[in-house]
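Structural overview
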Amino acid sequence: MTPSSPSLRRLLFSGRHPLATHHHLRCRHSLSAPAAGAYAATPAPSRDRAARLAAAVHGAAAAKNFAHAIRLTKSLVQASSSSPGRSPASTAPTSAGAAFAALASTSTSPAPALGVLVIALCQMRLLDEALSVFCRLRTLPELPACNAILDGLVKARRFGCAWELFDEMLSRGMVLSVVTYNTLINVCRHQGDVMKAQEVWDQMVGRQIDPNVVTYTTMICALCEEGCIGDAERVFGAMKEAGMQPNLYTYNVLMSSHCQRRDVNSAFVLYQELLKSGLVPNAVIFTTLIDGLCKVKRFGEAKEMFLDMPRFGVAPTVPVFNSLMDGAFKSGNAREALAVYQEMTRHGLCPDEFTCSIVVRGLCDGGQIQVAARFLEGVRQSGANLNAGAYNALIDEYCKNGNLEEALATCTRMTEDGIEPNVVSYTSLIDGYSEVGNTQMAMAIYTEMVAKGIQPNVVTYTALIRGHAKNGGLDAAFRLHKEMIEKGVSPNAITVSVLVDGMCRENRVQDAVRFVMEYSGMEYNDPHSFFSNSSAEEDHLIPNGVIHMTLIYGLYIDSQHYEAGKLFSYMRKSGMVPDSFTYTLLIRGQCMLGYVLNAMTLYADMMKIGVKPTRRKVVCPEIWSWVPLNDTRTVVS
């Protein structure tokens, strides 16, 4: 084995158990398209021209001039689809059949030309037609045609058939190429199966086929997508040790993965290496770095990177401007963000749907809801692209401000513009009406949402549960809790917190303790066993600060100061950080009991971890002030 072909098992996966081999679907003869029967019945528009083109294809294929043969074959297919008054999509099966007939009837050995036909149809993105031709062949075509079918199956996400074709290629003794294995590693990447990708790699190396730049890059991409950035870096190192020059795509995959982990410094190390290797960064590289810098609020550096683009002859793109605008808004500089928007229009670039969402959301987050509304209206009238995200940002802000009438009006305009409200739109409205205690309207919106076939998610259910629990409808809240579980929607820690808060509001603190214990998989005997065991390392209590702080508040108002203190101790040992309100409750409770030294210890702990004390009158905060309802980490517009 050559030094450039390391076993990936030794490189990365030593000690891990390999997966079982892929299953065989036995769909070789089920690949044919429904139009196969139309071949013989469809006449060619010009038999003489088709015959001349077919003869030329045979000649080019025999001379091994496959690039020319593919071009001629595409002309043959297009000539066969020139039926007046019919769309190309409707004539594709017939034209493929006519091309097949022309090639099959003009040579006694048509197999090479028919293999070229398969490649041409794949390149024309006529996969079903290519499969129809492929399945009519008596034997497997040459390797390039099989590789073309494999690639087409991957792009169509028909992975089972791709594996089955690979099995048949092996069983027929076909000598495979690195292109074949690259395609299969790409299948593994799409399936999220890094271990199977390793098996394919090792099989390729075992057959004395050296990986190339595409092989390494595809494996790096697969590892990055699965979060294995360390393994990806090792493959990247092995690639360079094998004497292969990474390309821009290779660098961008790693840089993007680092930026997603907010490790922009590592991305910049790769960027400097890219420049030293002689590669010229393109718009994608700049977009990755600028977006990464903006995500960590290093807007000044992002703008410097933007200004550096002309030095490499790279024109700014809409995604670059989008990243800069988003970064400026998140840095609290709305004026700069709007200046970036104006500069984008001066470059003659049309805002895309994400541009409008970024601007509307940024303005709303900055409290400029009226400006956001005027901007959205101007974009509507200009006919620019819009998506649900821009409307959802405005709807959500109206709901937070209690302006439910305008929120509904915005939802109506959204529908009039041909954009259907989605789960985020409905969830914002449901939360808005729940907040003002109008659970009847919230349930009506929920009913309409379900009637339209939009499935509620955990945030939707939690908003409904919160509305009922907060307004005395705890039984209804638990019915919704049961319904969401029955529909396969798993409650999260915030859902549990809302129910715990509802029980504490009704002075059902022991019920709240029992609920948390049962939800955490603990056996409930009595509250004293719960608090006496809460310090054990093997405890199964849900490690969420909101739940614990809610329970502490309930215990405090129920005058169970000792139990509240025990639960607080568990929080601190588990690494959770209480807020100033929780500290204030406990300090007050200790003072009421006369334990001044304990109160001073709590105050010192609060200062040590950086929780600032409040000098204002303390009132019970809403649970949802701790965790935003439409947090972008939970819901995607």
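Residues numbered from 1 in each chain as written. Predicted model: local features only at pLDDT ≥ 70, side-chain atom pairs only at ≥ 80, totals over all residues. Heavy atoms only, no water.

**Regarding the overall build of the chain**
Helix and strand content of the chain: 33 helices and zero strands. The contacts in the chain between residues at least 6 apart in sequence include a share of 63% that link residues at least 24 apart. Accessible surface computed for the chain: about 30300 Å², of which carbon and sulfur atoms make up 52%. (Helix = DSSP H or I, 4+ residues; strand = E, 2+ residues; numbered from the N terminus. Contact = heavy atoms within 4.5 Å. Areas by Shrake-Rupley, 256 points an atom, 1.4 Å probe, with all protein chains shown as cover.)

**Looking at the packing of aromatic side chains**
Evaluation of the coordinates by the stated rule reveals eleven aromatic pairs. Between the aromatic rings of F166 and Y181, the centroid separation amounts to 6.0 Å while the plane-to-plane angle is 75 degrees, which identifies the pairing as edge-to-face. Linking F166 in helix α8 (residues 159-171) with Y181 in helix α9 (residues 178-190), this pair joins segments that are 15 residues apart in sequence. Its relative accessible area of 0% is what places Y181 among the buried residues. Relative to F321, the ring of F306 lies with its centre 5.3 Å away and its plane at 65 degrees, an arrangement referred to as edge-to-face. Taken together, the residues span a long stretch of sequence, with F306 in helix α16 (residues 299-307) and F321 in helix α17 (residues 318-330) at a distance of 15 residues. Here F306 falls in the buried class, since its relative accessible area comes to 7%. Taken together, the ring pairs connect F268, Y271, F286 and F312 into an aromatic cluster. (Phe/Tyr/Trp six-rings, centres within 6.5 Å; stacked < 30°, edge-to-face > 60°. Buried < 20%, exposed > 50% of the residue type's maximum accessible area, 1.4 Å probe, protein only.)

**Digging into α17**
When the terminal C-alpha atoms of α17 are compared, their 18 Å separation across 13 residues agrees well with the 18 Å that a helix rising 1.5 Å per residue should span. Counting buried positions along α17 yields ten of 13 residues, so the element is predominantly enclosed. All buried positions along α17 are accounted for by V318, V320, F321, N322, S323, L324, M325, G327, A328 and F329. Along its buried surface, α17 packs onto α15 (283-295), α16, α18 (334-346) and α19 (353-365). Positioned one or two residues after α17, G332 has a phi angle of 80 degrees, which is positive. (Expected span 1.5 Å × (residues − 1).)

**A short note on the nonpolar core**
In this structure, L117, I149, I220, I290, V360 and L394 are the most contacted members of the largest nonpolar core, which totals 192 residues. If you tally residues by element for this core, the top one is helix α5 (residues 111-123), at nine residues. Apart from residues lying up to four places away in sequence, L117 is in contact with T73, V77, A96, A99, F100, L103 and V133. (Core = buried A, V, L, I, M, F, W, Y, C linked by side-chain atoms within 4.5 Å.)

**Side note on the environment of Y519**
Structurally, Y519 is set in helix α28 (residues 509-519). Looking at Y519, the relative accessible area reads 30%, which means it is partly exposed. C-alpha of Y519 to C-alpha of V496: the two residues are 23 residues apart in sequence and 8.3 Å apart in space.

**Brief notes about the pattern of salt bridges**
A side chain with one charge may pair with a side chain of the opposite charge, provided their charged atoms come close. The full count for this structure, using the stated rule, is 24 salt bridges. One salt bridge in this structure joins R234 and D231, with 2.3 Å as the shortest N-O distance. In this pair, R234 and D231 both sit in helix α12 (residues 229-241), three residues apart, roughly one turn of the helix. Connected via shared salt-bridge partners are R361, D365, D396 and K400. (Salt bridge = Lys/Arg side-chain N within 4 Å of Asp/Glu carboxyl O.)

**Side note on helix α21 (residues 388-400)**
Each α-helix winds once per 3.6 residues, and so residues spaced three or four apart point in a common direction. An ideal rise of 1.5 Å per residue puts 18 Å on 13 residues; α21 measures up with 18 Å between its terminal C-alpha atoms. Within α21, twelve of the 13 residues are buried, leaving the element largely enclosed by the surrounding structure. For α21, the complete set of buried residues consists of A388, G389, A390, Y391, N392, A393, L394, I395, D396, E397, Y398 and C399. Along its buried surface, α21 packs onto α19, α20 (369-382), α22 (404-416) and α23 (423-435). N-cap assignment for α21: the residue whose side-chain oxygen lies 3.1 Å from the backbone N of G389 is N387. In the stretch just after α21, G402 is the one whose phi turns positive, near 80 degrees. (Polar contact = N/O pair within 3.5 Å; in protein donor to acceptor, adjacent residues only side chain to side chain.)

**Considering the packing of helix α27 (residues 493-505) against α28**
Put simply, α27 and α28 touch, their axes get as near as 8 Å, and they point 160 degrees apart. Our classification of the angle between α27 and α28 gives roughly antiparallel. Two packed elements cross with a definite hand, and for α27 against α28 that hand is right-handed. Across from V496, L499, V500, M503 and C504 in α27, the residues of α28 making contact are V509, D511, A512, F515, V516 and Y519. (Axes fitted to C-alpha atoms, helices over the stretch in contact; angles between N-to-C directions. Parallel < 35°, antiparallel > 145°, perpendicular 65-115°, else oblique. Left-handed = near helix turned anticlockwise from the far one by under 90°.)

**Description of the packing of α19 against α21**
Running from N to C, α19 and α21 point in directions that differ by 15 degrees, and their axes come no closer than 7 Å. Judged on the interaxial angle alone, α21 and α19 are roughly parallel. The way α19 lies across α21 gives a crossing that is left-handed. Side by side, α19 and α21 meet where C356, S357, V360, R361 and C364 of the first sit next to G389, A390, N392, A393, L394, D396 and E397 of the second.

**Looking at the environment of R52**
With respect to the helices and strands, the residue R52 is situated in helix α2 (residues 47-62). Distance in space between the C-alpha atoms of R52 and A102 is 9.3 Å, their sequence separation being 50 residues.

**Here's the deal with the environment of A60**
When you line up the elements, A60 lands in helix α2. For A60, a relative accessible area of 6% corresponds to the buried category. Sequence-wise, A60 and P112 are 52 residues apart; in three dimensions their C-alpha atoms are separated by 9.9 Å. When sequence neighbours within four positions are dropped, the list of residues in contact with A60 reads N65, H68, A69 and L72.

**Side note on the confidence of the model for the chain**
Taken as a whole, the chain shows an average pLDDT of 79; of its residues, 82% reach a score of 70 or greater. A low-confidence stretch, residues 83-90 (pLDDT under 50), is modelled with two contacts involving residues beyond four sequence positions or located in other chains. (pLDDT = per-residue confidence, 0-100.)

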